[in-house]
2 protein chains.
Amino acid sequence: MTSIAVGLSAVIVAADASAPYVLATRHSGAVGLPHGRFDPDGDRTFELGLRNWVRAQTGFEPGYVEQLYTFGDRGREHPQADPDEAAPDARLISVGYLGLTSERTEDSAFDAVWRSWYQFFPWEDHRDGRPPMIDAHIAPALYKWSEHGPASAARLDRARMAFGLDDRPWIEERALERYELLYEAGLAFEAMRDIGADSSSTDGAFAGSGEPMISDHRRILATAVGRLRGKIKYRPVIFELMPETFTLSQLQKVVEAVLGQALHKQNFRRALDKSGLVEGTGTFETYTGGRPAELYRFRRDVQRERAALGVATPKA
Amino acid sequence: MTSIAVGLSAVIVAADASAPYVLATRHSGAVGLPHGRFDPDGDRTFELGLRNWVRAQTGFEPGYVEQLYTFGDRGREHPQADPDEAAPDARLISVGYLGLTSERTEDSAFDAVWRSWYQFFPWEDHRDGRPPMIDAHIAPALYKWSEHGPASAARLDRARMAFGLDDRPWIEERALERYELLYEAGLAFEAMRDIGADSSSTDGAFAGSGEPMISDHRRILATAVGRLRGKIKYRPVIFELMPETFTLSQLQKVVEAVLGQALHKQNFRRALDKSGLVEGTGTFETYTGGRPAELYRFRRDVQRERAALGVATPKA
DNA sequence: CATCTTATGCTCAGTTTGAGCAAAAGAGCG
DNA sequence: CGCTCTTTTGCTCAAACTGAGCATAAGATG
């Protein structure tokens, strides 16, 4: 009987005003997420195991950690992509984790680099409006895909809901649905790779469909994007990505970066104010370009428990 | 090196006006969830594997299925509880799934029984007000626990937030936090069992702390309770638990049963109306006890995507 | 036919939300 | 210095939503 191996993969996220970043490890050909084999003898819990080798492999420790999802589909794991670790005949189960950090140290002693997550999902960034590539490339390809295959109506529906086609709204949390749709439709590079097609011959089809990752790592990353986007709305996890003190504009920029969506400034402030999540420090950011802004800090003692435990996200 | 086994456990939920029910299998001593070993050779995906043996083991097929969480803590798995299946020296990882169904067939050819989930979590049912047992038994025990242990303040905080002590609100989604707290505080039967204590000698401490389950199944069930309670608020999954047509009161009763919380009738209707999730059929339930109620059905074609994709839950 | 019970309609004040106008406070520059 | 630019911060206003009730409708029961 085939043995089972459990892999732990971590999506370590940091962010600044311009983008959320994810820690990527370099491999031959493509990047991946920091990942390691779960050690059934050594690791008492997944989370401890994860913290151990994230520290070893990337040089630092995420503050907040949460489990994302466990992937076990055959065909998706593609262990060949990382021959050093694979027991080639084992069935690989991978447990994905999300970790958040506020520091983004460039410690080049480790072979890990920070990459904007929009490099992997260019269609997810709507801060300057809906990316033209969606209607120019993705939508036509998905329409074609749903025409041809079986269950045509269902495919069309999924495509419309996921990408907000035909006047449906764009819902930022659905990042995973979108990636899976692209994968199924053969528009993600990994889909070709996993069926063993010769990628060089079809390279053109993936232009603009985002940078691929090894194994099923981009799928795990998509899960993380969707989860984090949802979570910041009802839990104050966004502050895990912020420095100790920050201006309200900086906070808004980071929220916008995570959501991939611009927000209404005054209403964002009003809601934040009412939530009681932050308090002013009395000091000001001597600024470049406008009126100085007060520095705020997260009130770690928020017991309030009222409605908004997350930040409000009033669309611009 | 220790080998790894992956177990799949399913929380299969049905509901009627009086309670949500969970499908339980009988074992020597305690009940458990339907569960089986994941077959790395046969099962292409977890979900397919799960559907296979749920059908084999309980005689029917859940409609809606979603993954809950993957538990891998050593010490929690307690494989001895089910000696028929265990490879005694393997490390057991268990992947929990939630399945919803509207039929609750009592097929006694299979050794599965439907139990109200409040039998396992009596403190979770607030439909007739906060259960007295919380303040009478749980709260004092938790206060005592937080006094003694290390990190006293943190413990006290967790207890207050989880159980809504000292005027904090009761938040129904936190079912898992509550169960884990009771486990850590030694108030769940399983906690004693897992450290190998002689349970018969301490039986009294668990009076009213709910019926235990084998292995970590009650923990998985608590995860399911919390997840479902959250989910019905933003996805129309509640209708997976309803028959084809139903009155609004029946729907409300089921929502209340799931939440463990009474709702304001008129406002529930108003919100449901606005959501567009249901439509009247024109036929009426000839009733026992009052004016006949119109039968409604779920509009499976809701593309609306506006705000409320779930049912609103205006507290009574 | 009066009474009981549940369904259903409607009101009203308080709150929240979406959208915007306007003033305040530095920086840079002729 | 006074003007312009930029960003922060304060404030308004109508529309929509919510929480809490009152009132009526429509069968069943005896």
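As the structure is a prediction and not an experimental result, all values here were calculated from the model. Along each chain, numbering runs from 1 in the same order as the chain's sequence is written. Each chain gets a letter, beginning with A, and each ligand a number, beginning with 1, in the order they are written. Under the rules for a predicted model, residues below a pLDDT of 70 receive no local features and side-chain atom pairs below 80 are neither given nor counted, while totals for whole chains, interfaces and linings still include all residues.

**Here's the deal with the overall build of chain A**
As a reminder, the rule being used: Labels follow the DSSP assignment, with helices taken as runs of H or I lasting at least four residues and strands as runs of E lasting at least two, numbered in each case from the N terminus. Three exposure classes are used, based on other C-beta atoms lying within 10 Å of a residue's own C-beta, which is placed from the backbone: buried for 20 or more, exposed for 12 or fewer, and partly exposed in between. Residues are scored as being in contact if the C-beta atoms we place from backbone atoms lie within 7 Å.
Scanning chain A from terminus to terminus reveals eight helices and ten strands. Looking at chain A as a whole, 39% of its 316 residues are labelled buried. Sequence-distant contacts in chain A: of pairs separated by 6 or more residues, those separated by 24 or more amount to 69%.

**Description of the sheet that holds strand β8 (residues 245-247) of chain B**
Residue and element names in this part refer to chain B. Where we set the bar: Pairing between strands is defined by DSSP: at least two bridges between the two strands are required. Every axis corresponds to a line fitted to the C-alpha atoms, with the helix fit spanning only the stretch in contact, and the corresponding angles, defined between N-to-C directions, vary from 0 to 180 degrees.
On the basis of which strands lie adjacent, the open sheet formed by three strands has the order β8-β10-β9 and antiparallel pairing. The sheet is open, and its two borders are formed by β8 and β9 (278-285), each paired with just one other strand. Pairwise comparison of adjacent strand axes, ignoring direction, gives a mean angle of 40° for this sheet. Both β8 and strand β10 (residues 293-298) contribute to a ladder of three bridges, which runs antiparallel. Looking at β10, one finds that Thr245 is bridged to Arg297. The strands touched by helix α7 (residues 248-259) are β8 and β10; relative to β8, the strand with the most contacts, the crossing angle is about 85°.

**Here we look at the relation of the copies chain B and chain A**
Spelled out, the test is: In superposing the copies, a least-squares fit is computed on C-alpha atoms, taking residues whose pLDDT is at least 70 in both.
If you rotate chain B by 180° and push it 0.0 Å along the axis, it lands on chain A with an RMSD of 0.0 Å. Both chain copies can therefore be described as sitting about a two-fold axis. Taking the C-alpha atom as reference, chain B places Ile4 of chain B closest to the rotation axis, 3.0 Å from it. Comparing interface residues between copies, 96% of those in chain B also lie at the interface in chain A; the contact surface is shared.

**Quick look at the protein's contact with DNA strand C**
Rule in force here: Only the C-beta atom, placed from the backbone, is used; a residue is near a molecule or strand if that atom lies within 6 Å of it. Each residue receives one of three labels: charged for Asp, Glu, Lys and Arg, nonpolar for Ala, Val, Leu, Ile, Met, Phe, Trp, Tyr, Cys and Pro, and polar for the others, Gly being one of them.
Neighbouring DNA strand C are 20 residues; Gln266 and Arg291 of chain A together with Ser249, Gly290 and Arg291 of chain B lie closest to it. Broken down by secondary-structure element, the contributors of at least two residues to the surface near DNA strand C are α8 (265-275) of chain A together with α7, α8 (265-275) and β10 of chain B. Considering each element in turn, the surface near DNA strand C owes the most residues, three residues, to α8 of chain A. Looking at the surface near DNA strand C, its residues break down into five nonpolar, ten polar and five charged.

**Observations regarding the nonpolar core**
Inclusion rule: For this entry, the nonpolar core is defined as buried Ala, Val, Leu, Ile, Met, Phe, Trp, Tyr and Cys residues connected by C-beta atoms within 7 Å.
Ranked by internal contacts, the top residues of the largest apolar core, which has 152 residues, are Val11, Val13 and Leu221 of chain A together with Val11, Val13 and Leu221 of chain B. If we ignore the near neighbours within four places in the chain, the residues touching Leu221 of chain B are Val11, Val22, Leu33, Trp117, Phe120 and Met213 of chain B.

**Some remarks on the interface of chain B and chain A**
Many descriptions give the size of an interface as the accessible area lost when the pieces come together. Between chain B and chain A, the contact holds 23 residues from the first and 22 residues from the second. Mapped by element, the contributors of at least two residues to the side of chain B that touches chain A are β1 (4-15), β5 (64-71) and β6 (91-100) of chain B. Considering only residue class, the side of chain B that touches chain A consists of ten nonpolar, six polar and seven charged.

**Some thoughts on the protein's contact with DNA strand D**
Taken together, 20 residues lie around DNA strand D, and Ser249, Gly290 and Arg291 of chain A together with Gln266 and Arg291 of chain B are the ones closest in. The set of elements that each furnish at least two residues to the surface near DNA strand D consists of α7 (248-259), α8 and β10 (293-298) of chain A together with α8 of chain B. Ranked by residues supplied to the surface near DNA strand D, first place goes to α8 of chain B with three residues. When grouped by side-chain class, the residues that make up the surface near DNA strand D number five nonpolar, ten polar and five charged.

**Things to note about the environment of Ala224 of chain B**
Along the chain, Ala224 of chain B falls in helix α6 (residues 217-231). Note: C-alpha distance between Ala224 of chain B and Gln67 of chain B (157 residues apart in sequence) is 9.5 Å.

**Describing helix α1 (residues 46-58) of chain B**
Residues and elements named next belong to chain B. Condition: Expected helix span is computed as 1.5 Å times (number of residues minus one). The directions considered for the arc run from the helix axis to the C-beta atoms.
The terminal C-alpha atoms of α1, which comprises 13 residues, lie 18 Å apart, in line with the 18 Å expected from a rise of 1.5 Å per residue. When α1 is considered as a whole, its buried residues turn out to be Phe46, Gly49, Leu50, Val54 and Thr58. For α1, the buried positions fall inside an angular range of 125° around the axis, keeping them on one side. Residues of α1 that are exposed and point over 90 degrees away from its buried face: Leu48, Arg55 and Ala56. On its buried face, α1 is in contact with β1, β2 (20-26), β5, β6 and β7 (112-116). Backbone geometry just downstream of α1 places Gly59 in the positive-phi region, at approximately 90°.

**Regarding the pairing of β6 of chain B**
Residues and elements named next belong to chain B. The element β6 is extensively covered by neighbouring structure, given that ten of its ten residues are classed as buried. Here β6 shows no split at all, with Arg91, Ile93, Val95, Tyr97 and Gly99 on one side and Leu92, Ser94, Gly96, Leu98 and Leu100 on the other all buried. Relative to β6, β1 runs parallel, the two being bridged by ten bridges. By the bridge assignment for β6, Gly7 is matched with Ser94. Pairing analysis gives seven bridges linking β5 to β6, with the strands arranged antiparallel.

**A word on α7 of chain B**
Residue and element names in this part refer to chain B. Here α7 contains twelve residues, and its C-alpha end-to-end distance of 16 Å stays within 8% of the 16 Å for a straight helix at 1.5 Å per residue. Across the twelve residues of α7, nine count as buried, placing the element largely inside the fold. When α7 is considered as a whole, its buried residues turn out to be Leu251, Gln252, Lys253, Val254, Val255, Glu256, Ala257, Val258 and Leu259. Next to the buried residues of α7 lie β1, β2, α6, β8 and α8. Where α7 ends, the next residue or the one after it, Gly260, has phi of about 70°, a positive value.

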